[in-house]
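Here is what each chain is made of, one letter per residue.
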Amino acid sequence: MAFKVSLNVIKLFFIFSSTLIISCQESTEWPNMNQKDYSKPPVGFPPIPFPSDNPYSREKFELGRRLFYEKILVKDSSFKSCSHCMKQAHNFQDNVPNSLGLNKIAEPRNTMSLTNVAYFDKIFWDGRGSRIEQPAYRSLFLPYIFGLDTNELQKRLENHPIYPNLFRAAFGENVKPSAWLVAKAISTFVRCLVSGNSAYDKFLRGDSNALTESQKRGMKLFFSERTKCSVCHSGFLFTDLQFHNTGTTNHYFDFGRFYVTKDYKDRNKFLTPSLRNVEVSAPYMHDGTYKTLEEVIENYNRGGFPNINKDTLIKPLNLTKEEKEDLINFLKALTDWEFLKNPDFAEPK
Ligand code: HEC
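Described below are features of the structure shown in this document. In this text the structure is predicted, and so the values were computed from the model without any measurement. (Residues numbered from 1 in each chain as written. Predicted model: local features only at pLDDT ≥ 70, side-chain atom pairs only at ≥ 80, totals over all residues. Heavy atoms only, no water.)

**Overview of unusual backbone geometry**
What counts here: The helix count covers DSSP runs of H or I at least four residues long, the strand count covers runs of E at least two residues long, and both are numbered beginning at the N terminus. We call a residue buried when its accessible area falls under 20% of the maximum for its residue type, exposed when it is over 50%, and partly exposed in between, using a 1.4 Å probe and counting protein chains only.
Residue Pro283 is reached from Ala282 by a cis peptide bond, and omega for that bond is -5°. Tracing the backbone through its elements, the reader meets Pro283 in the loop between strand 2 (270-271) and helix 11 (293-301). Positive phi is not limited to glycine here, since Ser81 has a value of about 30°. Considering the arrangement of structural elements, one finds Ser81 in the loop between helix 2 (58-68) and helix 3 (133-141). Since its relative accessible area comes to 1%, Ser81 is described here as buried. One non-glycine residue with positive phi stands out, namely Lys228, at about 60°. Take Lys228: it is sitting in the loop between helix 8 (213-222) and helix 9 (229-232). Accessibility expressed as a relative area gives 28% for Lys228, which makes it partly exposed.

As structure tokens, then:
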């Protein structure tokens, strides 16, 4: 009897463990085809512009997502590739003024967010980039980011138990993993990081209770002639995609847009950042100089520090304590918690 029972237990164990193995294999070997179609934008947003030479597919999204969190893309595998500096909980950017790449070498500027970057026609604080594929490709080889070389990267991916299959599923039967395809897959994932379900968006779609009274007052101030915030932080992205000097600091070590145009009129000007999810993306500005939204508002309120190229829109605002609070509360209404916590954008299990 005891023998029979233990045999059954053993049988059960085998059935159980083999189903476990099968389900594990399913979830790690193949893209999750039931997953939502992230090529569709939130209500009220224009279509996500996928380039014709790198269109969306679910397989590419899933491959890109894995690579985004992949240690083997880093020379010494000491961190998880893109996600090391682009943290979902922090709006796909870093929570320190200067991110640390390979060998803990610091980036000179505060990391910019990847959220909604699909819609940006210029990328980086000085606008020197235009396509996501560019930095996705270059980061693999730059000695202060991932520090790999093409052959090593190819070898690691080809010898990996699941990547060769995932690359074939994403790019075609006769394909082998390569750096360029890594960049294309990561870019597809990144283009799908679209955030448009904040309390403010819900308010725009007709839910008048989505904003608190303070947030409604803050919204009026934000869009007012008096503050002029929305002149630069305009449209559904809350950026005009132009370059301005806002008198952020007393001393600019960084010439910003000037490095691209070599025009003195562009000295110390930076791309207007989007304000979506700004609540979770401290520290702020190109140099990460402000630790809190209170500090940012304080600087706008004093009209910024003097600078020869300071924008004429930046003037002392004489905001009361309550007005400052309202403005900050409105900025918090731009936080899209569903996006920041969406498990489909997190590290795959
Ligand atoms: C003249 C254009 C302009 C106006 C007007 C303007 N901003 Fe900005 N804003 C910018 C630019 C450019 C930056 C980045 C500056 C830098 O890094 O030095 C910025 C940065 C910010 C940041 C930090 C975002 C981040 O992720 O680092 C916040 C918050 C912000 N602005 C809110 C506001 C508010 C609130 C107002 C109105 C009181 C306002 N801005 C008015 C152009 C503008």
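Text resumes after the structure shown.
**Comments concerning the site of the ligand**
The test is simple: For each residue, the test is whether any non-hydrogen atom lies within 4 Å of the molecule or strand; if one does, the residue is near. Pairing of N or O atoms within 3.5 Å defines a polar contact, subject to two protein rules: one partner must be a possible hydrogen donor and the other a possible acceptor, and residues neighboring in sequence count only if both atoms are side-chain atoms. Only Asp, Glu, Lys and Arg are considered charged, only Ala, Val, Leu, Ile, Met, Phe, Trp, Tyr, Cys and Pro nonpolar, and every remaining residue, Gly among them, polar.
Around the ligand sit 23 residues in total, of which Cys229, Cys232, His233, Thr248 and Tyr300 are the nearest. Within the contact set of the ligand, an oxygen atom lies 2.7 Å away from a side-chain nitrogen or oxygen of Thr248. Looking at the shell around the ligand, the elements with two or more residues in it are helix 9 and helix 11. If you tally residues by element for the shell around the ligand, the top one is helix 11, at four residues. Its residues assigned to classes, the shell around the ligand shows 15 nonpolar, six polar and two charged.

**Points about the pattern of salt bridges**
Threshold: By definition here, a salt bridge exists when the distance from a side-chain nitrogen of Lys or Arg to a carboxyl oxygen of Asp or Glu is within 4 Å.
Applying the stated criterion across every chain yields a total of 24 salt bridges. Between Arg276 and Asp201 there is a salt bridge, and its shortest N-O distance comes to 2.8 Å. Separated by 75 residues along the polypeptide, Arg276 in the loop between strand 2 and helix 11 and Asp201 in helix 7 (residues 199-204) bring together distant segments of the chain. The same class applies to Arg276 and to Asp201, which are both buried.

**Let's talk about helix 8**
Note the threshold: In this context, the arc is that of the directions from the helix axis out to the C-beta atoms. Residues are treated as being in contact if the distance between any of their heavy atoms lies within 4.5 Å.
Every buried residue of helix 8 is listed here: Ser214, Gln215, Gly218, Met219, Leu221 and Phe222. Looking straight down helix 8, one finds its buried side chains confined to an arc of 160°; they lie on one side. Residues of helix 8 that are exposed and point more than 90 degrees away from the buried face comprise Glu213 and Lys220. Summarising the contacts, the buried residues of helix 8 are in contact with helix 7, helix 9 and helix 12 (321-332).

**Observations regarding the coordination of the iron atom of the ligand**
What counts, and what does not: Water is not part of the atom set, so a site may look incomplete; the donors themselves are N, O and S atoms within 2.8 Å of the metal, or 3.2 Å for Na, K and Ca. Working rule for geometry: tetrahedral if four donors all subtend angles between 85 and 135 degrees; square planar for four, octahedral for six, if opposite donors exceed 155 degrees and the others stay between 65 and 115; irregular in every other situation.
Donor atoms from the polypeptide that coordinate the iron atom of the ligand comprise His233 (NE2) and Tyr300 (OH), at 1.9 to 2.1 Å from the metal. For the iron atom of the ligand, the six donor atoms in the first shell make angles of 86 to 180° at the metal, so the coordination geometry reads as octahedral. With a gap of 67 residues between them, His233 in the loop between helix 9 and strand 1 (243-244) and Tyr300 in helix 11 connect regions that are remote in the sequence. The class for His233 is buried, based on a relative accessible area of 10%.

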